[in-house]
Amino acid sequence: MEEKQLTPTESIDLIASMIRNTRRRLTRGDGNMLLFWGYLCVAIAIIANVCSYLQFAKGVDLPIPALLVWWAIPIIGIPYTIVVTRKNRHLFDVVSYTDRISATLWKYVIVLALAAIAVGMIFFISGFHVWYVIELFTFFIVGMAASVQGIIIKEKSLIYGGAFSVICGGFLVSGVLAGAIWLQAYSSLLFIVSFIVMMIIPGHILNHKAKKENERA
């Protein structure tokens, strides 16, 4: 059977349709992973910094070490993502090429994050504190993934937000290599700002655009 050749106009319409479908997947109800991960990371970062301040500056004996608070991000985030993704599969009959790219992109990020945490644990058990390096890893990997996602769905707020995160990571690395160790004190603040800029703000922008499209439909 001979395949039908699409005209240039039909090809553009098909690509636009795939992009719209991928946007809907990102903004459909509880499936909005950008907002979920953005708020989760910001909330845990704030709690972890408050615990660090109480533990090291005030000498408060906390039931859980401040460093372990960061583990709440993968412990809460990964199971939630798996459950919601499976729950929302039936909402879309067709999985497009852009959908598969997006899903693979974020799975890859999660795998890399888990690998980085495992490496950090190995060094920590060996007596070396390298969590600052793991935090820098987050700036680069998640920032690049956010920008790629923005390119896939043509969303500038994601592209620029991801670029902002990468630039923050580069700024911190440059500072440390230059001997400005005091910059480490600002890494958590930049971590919080980066997730607001590259996930929370784009998440709300996408939700607003999806709402307007639904109203027009």
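Just so it is clear, the model here is predicted, and its values are computed rather than measured.

(A) Looking closely at the overall build of the protein. Looking only at helices and strands, the protein features 8 helices and 0 strands. Of all intrachain contacts in the protein linking residues separated by at least 6 positions in sequence, the fraction that spans at least 24 positions is 77%. About 13,300 Å² of surface is accessible on the protein, with carbon and sulfur atoms providing 70% of the total.

(B) Representation of the confidence of the model for the protein in the model. The share of residues in the protein with pLDDT of 70 or more is 81%, and the mean pLDDT across the chain is 82. Here helix α1 (residues 8–27) stands out as the element of the protein with the lowest mean pLDDT, 63, in contrast to helix α2 (residues 33–57), whose mean of 92 is the highest.

(C) Broad picture of the packing of aromatic side chains. As enumerated under the stated definition, the model contains 5 aromatic pairs in all. Their ring planes at 75° and their centres at 5.8 Å tell us that Phe 36 and Trp 37 sit as a pair that is edge-to-face. Each member of the pair, Phe 36 together with Trp 37, is buried. The rings of Trp 70, Phe 139, Phe 191 and Phe 195 are connected pair by pair, giving a single aromatic cluster.

(D) Main features of a nonpolar patch on the surface. Judged by side-chain polarity, Ile 46, Val 50, Tyr 53, Leu 54 and Val 60 come together as a nonpolar surface patch covering roughly 410 Å² of accessible area. Topologically, Leu 54 is positioned in helix α2.

(E) Seen up close, the environment of Met 199. The residue Met 199 is located in helix α8 (residues 187–216) in this model. In this structure Met 199 comes out as buried when scored by relative accessible area, which is 5%. Sequence-wise, Met 199 and Ser 157 are 42 residues apart; in three dimensions their C-alpha atoms are separated by 8.9 Å. Excluding residues within four positions of it along the chain, Met 199 makes contact with Leu 34, Leu 35, Trp 37, Gly 38, Trp 106, Val 142 and Ser 194.

Thresholds applied
Residues numbered from 1 in each chain as written. Predicted model: local features only at pLDDT ≥ 70, side-chain atom pairs only at ≥ 80, totals over all residues. Heavy atoms only, no water. Helix = DSSP H or I, 4+ residues; strand = E, 2+ residues; numbered from the N terminus. Contact = heavy atoms within 4.5 Å. Areas by Shrake-Rupley, 256 points an atom, 1.4 Å probe, with all protein chains shown as cover. pLDDT = per-residue confidence, 0-100. Phe/Tyr/Trp six-rings, centres within 6.5 Å; stacked < 30°, edge-to-face > 60°. Buried < 20%, exposed > 50% of the residue type's maximum accessible area, 1.4 Å probe, protein only. Patch = residues over 30% accessible without salt bridge, like charges linked within 9 Å, V, L, I, M, F, W, Y side chains within 5 Å. Salt bridge = Lys/Arg side-chain N within 4 Å of Asp/Glu carboxyl O.

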